[in-house]
Amino acid sequence: MARMFSDLRPVDVLAAGARLRGIARRTPLRRSPTLSRRVGADVMLKLECEQLTGSFKLRGAFNAIATLPTAVRERGVVASSAGNHGLGVAWAAHHFGIPATIFVPATAPRVKREGIEQLGAMVNAEAPHYDAAMALARDFAKERGATFVHPCMGSALLAGQGTVALEILEELPSLRTIVVPVGGGGLVGGCGILLRAVAPYARIIGVQSVNTNAMALSLTAGRVVSPPVLPTLADGLAGDIDDYALDIGRHVIDELYTVEEEDIADAIRHLAREESATVEGSGAVGAAAILTGAVKEVEGEVAVVVSGGNIDRDRLDGIVGA
């Protein structure tokens with residue numbers, strides 16, 4: 001049985017930070033004048049859109065693969081992904097010189113699929129949606145005797161994602177609020193386990209699209225709820241959650257907001273024009289929550305995790321030029 005989220009220790013995040021030193025890029029933490037004016041407090045953008053693979057996912061993927069026994073790792077890795085986790089797994093596999101196969105939905109952005117292939121991994125894009133891609137990946141890994149690297153589950157993966165919060169705290173020890181995109185819960189879980197231990201006063205706010213609201217529905221119902229599969233700009237937040245992810249939500253999320261698809265587009269446009277940042281829909285939901293006024297009453301300094309920037313150029317141009 002998989003370890004539950006509550007078994008993850010803050011020391012695991014610190015160990016991941018040491019392991020990732022010199023591997024993952026230490027991304028900028030930059031003040032946003034416009035978002036700061038919106039809430040009347042300093043808002044800092046943690047720009048994971050400038051990470052090596054274009055998103056925070058490299059952190060968890062690398063840590064998960066690096067901690068595998070050598071003999072296990074050499075049999076190869078398999079992942080399911082909307083794209084960014086696949087890029088992280090492919091990068092780590094290339095680093096270790098091992099085979100990787102990534103299953104993505106047919107709707108995955110072209111920039112993510114091509115990036116995975118350029119890193120030397122095999123890509124399967126036959127699945128109609130994210131959850132189908134995961135089922136195919138699990139079966140493939142079992143058949144080949146390879147390791148399935150879950151996109152949102154596992155202590156090593158979450159510890160790697162938690163290094164986002166570790167870097168924020170190192171630069172902003174006065175942090176009082178963090179705004180985090182929520183899909184399967186890996187990012188908010190990794191950040192949350194560290195913050196609950198070393199900065200328990202910090203308020204943890206999760207944000208997701210109304211079209212990727214599995215966590216919001218499940219927390220409200222008190223059980224895992226599967227939402228319908230809908231088109232979304234926040235493709236990286238799509239898919240069902242499981243009991244492990246629900247455990248994460250119950251432990252670490254203080255408030256959870258959903259934003260409309262048009263609000264995400266507005267945030268992508270705002271970040272491009274006002275912050276000169278290229279941000280995908282999943283990475284823009286935190287800014288969207290501030291721009292719409294969903295997040296408005298904050299105490300002290302705020303960090304907004306801009307989780308990724310892998311967006312197809314034609315889609316970006318269509319949004320920013322609108």
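See the structure printed just above.
Residues numbered from 1 in each chain as written. Predicted model: local features only at pLDDT ≥ 70, side-chain atom pairs only at ≥ 80, totals over all residues. Heavy atoms only, no water.

Please explain the layout of surface pockets as it appears in this structure.
Leftover empty space is mapped by rolling, across the atoms, a probe with the size of a water molecule. The computed volume of the largest pocket comes to approximately 520 Å³. Among the residues making up the lining of the largest pocket, the classes are represented as 15 nonpolar, eight polar and six charged. As a volume, the second largest pocket reaches approximately 430 Å³. Lining the second largest pocket we find 37 residues, and of these K57, C152, G183, G184 and G236 sit closest to its centre. Contributions of two or more residues to the lining of the second largest pocket are made by α5 (84-96), α7 (130-144), α10 (186-198) and α12 (243-252). (1 Å grid on protein atoms, 1.4 Å probe; cavity = no way out; pocket = protein on both sides within 12 Å on 5 of 7 lines; lining within 4 Å. Points joined across faces, edges and corners; volume = space filled by probe spheres on them. Nonpolar A, V, L, I, M, F, W, Y, C, P; charged D, E, K, R; others polar. Helix = DSSP H or I, 4+ residues; strand = E, 2+ residues; numbered from the N terminus.)

I tried to follow unusual backbone geometry on my own but got confused; where do I start?
Trans is the common state for peptide bonds, and a negative phi is the common state for residues other than glycine. Positioned with a positive phi, S276 is a non-glycine residue whose angle comes to about 50 degrees. Relative to the assigned elements, S276 resides in the loop between α13 (261-275) and α14 (281-291).

I'm lost on the pattern of salt bridges in this one. Help?
Opposite charge on two side chains allows them to pair when their charged atoms are near. Within the structure shown, the criterion is met by 13 salt bridges. Between E170 and R26 there is a salt bridge whose closest N-O contact spans 2.9 Å. Of this pair, E170 sits in helix α9 (residues 163-171) while R26 sits in the loop between α1 (10-20) and β1 (29-31), and the two are 144 residues apart along the sequence. For R26, a relative accessible area of 44% gives the class partly exposed. In this structure, K112 engages E280 in a salt bridge whose closest nitrogen and oxygen atoms are separated by 2.8 Å. In this pair, K112 sits in helix α6 (residues 110-118) while E280 sits in the loop between α13 and α14, placing the two residues 168 residues apart along the sequence. Take K112: its relative accessible area is 0%, and that puts it in the buried class. Residue classification places E280 among the buried positions, given a relative accessible area of 1%. (Salt bridge = Lys/Arg side-chain N within 4 Å of Asp/Glu carboxyl O. Buried < 20%, exposed > 50% of the residue type's maximum accessible area, 1.4 Å probe, protein only.)

Whenever I open this one, the sheet that holds strand β5 (residues 122-127) confuses me. Can you help?
Where strands meet in a sheet, backbone hydrogen bonds hold them as pairs that are either parallel or antiparallel. If you walk across this open sheet you meet the four strands as β5-β4-β3-β6, and the pairing is parallel. The open sheet terminates on both sides in strands that have one partner only, identified here as β5 and β6 (147-148). Direction of pairing for strand β3 (residues 77-80) relative to β6: parallel, over a ladder of two bridges. Bridging across to β6, V77 finds its partner in T147. (Pairing = 2+ DSSP bridges.)

Can you walk me through α12 in this structure?
In an α-helix, one turn spans 3.6 residues; hence positions three or four apart end up facing the same way. Within α12, seven of the ten residues are buried, which leaves it mostly tucked inside the rest of the structure. All of the buried residues in α12 are Y244, A245, L246, D247, I248, G249 and V252. Where α12 is buried, its residues meet α8 (155-161), α10, β8 (203-209) and α11 (214-221). (Contact = heavy atoms within 4.5 Å.)

Spatial relationships are all this shows, so hold off on functional conclusions.
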